[in-house]
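Letter by letter, the chains look like this.
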Amino acid sequence: MELVRPTAQHLVSYTSALKRGWSPDNVRGQARAREELYDIHHHPQAFLTSMDDAAGAGPRIVLPDGSTVPRIPGLTRWIWDGEFCGSINLRWQVGTTALPDHVPGHIGYAVVPWKQRRGCASFALASMLAQAAELGLSELEITTDPDNIASQKVISRCGGVLVEEFFKPVQCGGGKSLRFRIVLESHCGVQFMRPAPVPRSIVAA
């Protein structure tokens, strides 16, 4: 298993996953899948180029309520075991670990149903954390729904510590969410994670 930078040779398998009903966006769901199928069909190279946007120069982001916001720097990698298993993306702002209110966390990931429970998400998250450290990020926030126990286990396994329960902005779909934090460090060129301290004001899940 590996994380790959999306290229033309990966598109057939990725497109197949979209057509089978999977979506890289667990909030916008099939609307996002249809948009990507259109882009892949009409502008395949532009779609692939958008997977690496360290300048945040791509088109505005469509939020669940239909509003749009500026894009921030980000990159997407695909989980690959000979065929498409899922995707993971990293987004950030230059010079800070803070994120805009509409960005739920630094990392988001989604594994296709037929590849779940095989360690894909844990592998992808651990691998992406190393890339985040190489970019100079010192800590990351990752959010997930309170009922998504599988995702919570993946995040905890990779060094994440729950810091709060909060309500997502209405334009991002609303509802309760959990925020985890992972502190990144480097030692002798080897990247590793250590848990962040848990504030006293944490709201129990």
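Up top is the structure these notes are about.
Residues numbered from 1 in each chain as written. Predicted model: local features only at pLDDT ≥ 70, side-chain atom pairs only at ≥ 80, totals over all residues. Heavy atoms only, no water.

Undergrad: Could you clarify how one ought to interpret the pattern of salt bridges in this entry?
TA: Pairing between side chains of opposite charge can happen when the charged atoms of each approach one another. The tally for this structure, following the rule as stated, stands at twelve salt bridges. For the salt bridge of E141 with R179, the shortest nitrogen-to-oxygen distance reads 3.4 Å. In this pair, E141 is assigned in strand β8 (residues 139-144) and R179 in strand β10 (residues 176-187), connecting sequence segments 38 residues apart. No difference in accessibility class separates E141 from R179, as the two residues are buried. The class of R179 is buried, set by a relative accessible area of 15%. Where salt bridges share partners, they join E139, E141, E164, R179 and R181 into one cluster. (Salt bridge = Lys/Arg side-chain N within 4 Å of Asp/Glu carboxyl O. Helix = DSSP H or I, 4+ residues; strand = E, 2+ residues; numbered from the N terminus. Buried < 20%, exposed > 50% of the residue type's maximum accessible area, 1.4 Å probe, protein only.)

Undergrad: I would appreciate a short explanation of the packing of helix α4 (residues 120-134) against helix α5 (residues 149-157) in the present structure.
TA: To describe two helices that pack against each other, one gives the angle between their axes and the distance between the axes. Put simply, α4 and α5 touch, their axes get as near as 9 Å, and they point 40° apart. By the angle between their directions, the pair α4 and α5 is classed as oblique. You can see that α4 and α5 cross each other, and the crossing is right-handed. Contacts between α4 and α5 pair A121, S122 and L125 from the former with V154, I155 and R157 from the latter. Class assignment of the residues belonging to the contact of α4 with α5 gives a composition of four nonpolar, one polar and one charged. (Axes fitted to C-alpha atoms, helices over the stretch in contact; angles between N-to-C directions. Parallel < 35°, antiparallel > 145°, perpendicular 65-115°, else oblique. Left-handed = near helix turned anticlockwise from the far one by under 90°. Contact = heavy atoms within 4.5 Å. Nonpolar A, V, L, I, M, F, W, Y, C, P; charged D, E, K, R; others polar.)

Undergrad: Looking at this structure, how should I read the pairing of strand β7 (residues 107-111)?
TA: Consecutive side chains of a regular strand alternate in pointing toward one face of the sheet and then the other. Counting buried positions along β7 gives five out of five residues, so the element sits mostly inside the fold. On β7, burial covers both faces: I107, Y109 and V111 on one face and G108 and A110 on the other are all buried. Looking at chain direction, strand β6 (residues 84-91) and β7 are connected through five bridges and run antiparallel. Counterpart to L90 in the pairing with β7 is I107. (Pairing = 2+ DSSP bridges.)

Undergrad: So what exactly am I meant to see when it comes to α5 here?
TA: Counting along an α-helix, one turn takes 3.6 residues, and residues three or four places apart therefore face a common direction. Within the span of α5, buried status applies to S151, Q152, V154 and I155. Burial along α5 is one-sided: seen end-on, the buried residues are contained in an arc of 160°. Residues of α5 that are exposed and point over 90 degrees away from its buried face: A150, K153 and R157. Looking one or two residues past α5, G159 carries a phi angle of roughly 100°, positive in sign. (Arc of directions from axis to C-beta.)

Undergrad: I tried to follow the environment of L178 on my own but got confused; where do I start?
TA: In this fold, L178 is placed in strand β10. Using a relative accessible area of 0% as the deciding quantity, one classes L178 as buried. Sequence separation of L178 and D101 is 77 residues, and the distance between their C-alpha atoms is 15 Å.

Undergrad: Would you take a moment to explain the packing of aromatic side chains for this structure?
TA: A ring pair, where both rings are aromatic, is described by two values, the distance of the centres and the angle of the planes. Evaluated as defined, the whole model comprises six aromatic pairs. Ring centres of Y14 and F84 lie 4.8 Å apart, and the angle between their planes is 90°; this geometry places the pair in the edge-to-face category. Of this pair, Y14 sits in helix α1 (residues 11-19) while F84 is found in strand β6, placing the two residues 70 residues apart along the sequence. Comparing Y14 with F84 shows no difference in burial state: the two are buried. Consider the rings of W22 and F84, whose centres lie 5.1 Å apart with planes at 65°: the pair is edge-to-face. Placement of the pair is W22 in the loop between α1 and α2 (30-42) and F84 in strand β6, with a sequence separation of 62 residues. (Phe/Tyr/Trp six-rings, centres within 6.5 Å; stacked < 30°, edge-to-face > 60°.)

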